[in-house]
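Spelled out from the first residue to the last, the chains are:
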Amino acid sequence: MKPTFELSQKAKTRFAVKNIIATGLISILTLTACKKDNTVAEKSLEQQKMEFQARQLDIEKQKLAIEKEKMAYETQKKADSIAKDNAARAAAKPQVIRETKTVYVNNTPRRARSSSSSSSSGSNSGTYAGTTQGTTQKQGMSKAAKGTIIGAVGGAAAGAIISKKNRGAGAVIGGIIGGATGYTIGRAGDRKDGRVQPRN
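Procedures and definitions
Residues numbered from 1 in each chain as written. Predicted model: local features only at pLDDT ≥ 70, side-chain atom pairs only at ≥ 80, totals over all residues. Heavy atoms only, no water. Helix = DSSP H or I, 4+ residues; strand = E, 2+ residues; numbered from the N terminus. Expected span 1.5 Å × (residues − 1). Buried < 20%, exposed > 50% of the residue type's maximum accessible area, 1.4 Å probe, protein only. Arc of directions from axis to C-beta. Contact = heavy atoms within 4.5 Å. Salt bridge = Lys/Arg side-chain N within 4 Å of Asp/Glu carboxyl O.

1. Examining helix α3 (residues 143-162)
Working step 1: In this model, α3 (20 residues) spans 27 Å end to end at C-alpha, consistent with the 28 Å of a helix rising 1.5 Å per residue.
Working step 2: Residues of α3 that are buried: Ala144, Gly147, Gly151, Gly155 and Gly159. The arc that holds every buried residue of α3, seen down its axis, measures 80°, which confines them to one face. The exposed set on the far side of α3, more than 90 degrees from its buried face, consists of Ile150, Val153 and Ile161.
Working step 3: Buried residues in α3 make contact with α4 (167-193).

Have a look at this one:
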């Protein structure tokens, strides 16, 4: 004999509800697990992006540090080059040495001994009166004089040409201004040549 189990209608409903609830729970757990896997995958993608950006940032920092070192090297190279050039110029610059020469000239004439005083007293009354200090003078017209003449003539001519109403007054004014200018330029030339001692 075979035992038969007959379930009541209530039991069948309970069994069906349990199956539906179990199926629902399993499906919810499956969906939740899938969502968790997706969020984990999304988080790992975000982390990878962040790590990649951090690496990129480190690379940029290293590039910036290299550029700074390169600029510092170039600046030091320029400073060294300038210092080297200055040292070379200082070594190559000739030193100007001025020599002054003082000449002493005795312009005082000698006195002759008088015969009467030498015979009677026997003393030496005819001595040198002393020496005077002087400098040698260049002969000829100075540059200041030449400049004054040329400036006066040129200024008078220019003044007469420029002044149309009163040519005589223009010539006088131009001559005075030209003469003063020519003298100043010529005097500077005399100082340069050593004819006139420069002012101290």
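2. What about the pattern of salt bridges?
Working step 1: Applying the stated criterion to the full structure yields 3 salt bridges.
Working step 2: Glu51 is the partner of Arg55 in a salt bridge, and the nearest nitrogen-oxygen pair spans 4.0 Å. A residue pair is termed a helical-turn pair when its members lie 3 or 4 positions apart in one helix, as Arg55 and Glu51 do in helix α1 (residues 9-92) at 4 residues.
Working step 3: By relative accessible area, Glu51 is classed as partly exposed at 46%.
Working step 4: Note that Asp193 is salt-bridged to Lys143, the shortest N-O span being 2.7 Å. With Asp193 in helix α4 and Lys143 in helix α3, the pair connects residues that are 50 residues apart, well separated along the chain.
Working step 5: Residue classification places Asp193 among the partly exposed residues on the basis of a relative accessible area of 39%.

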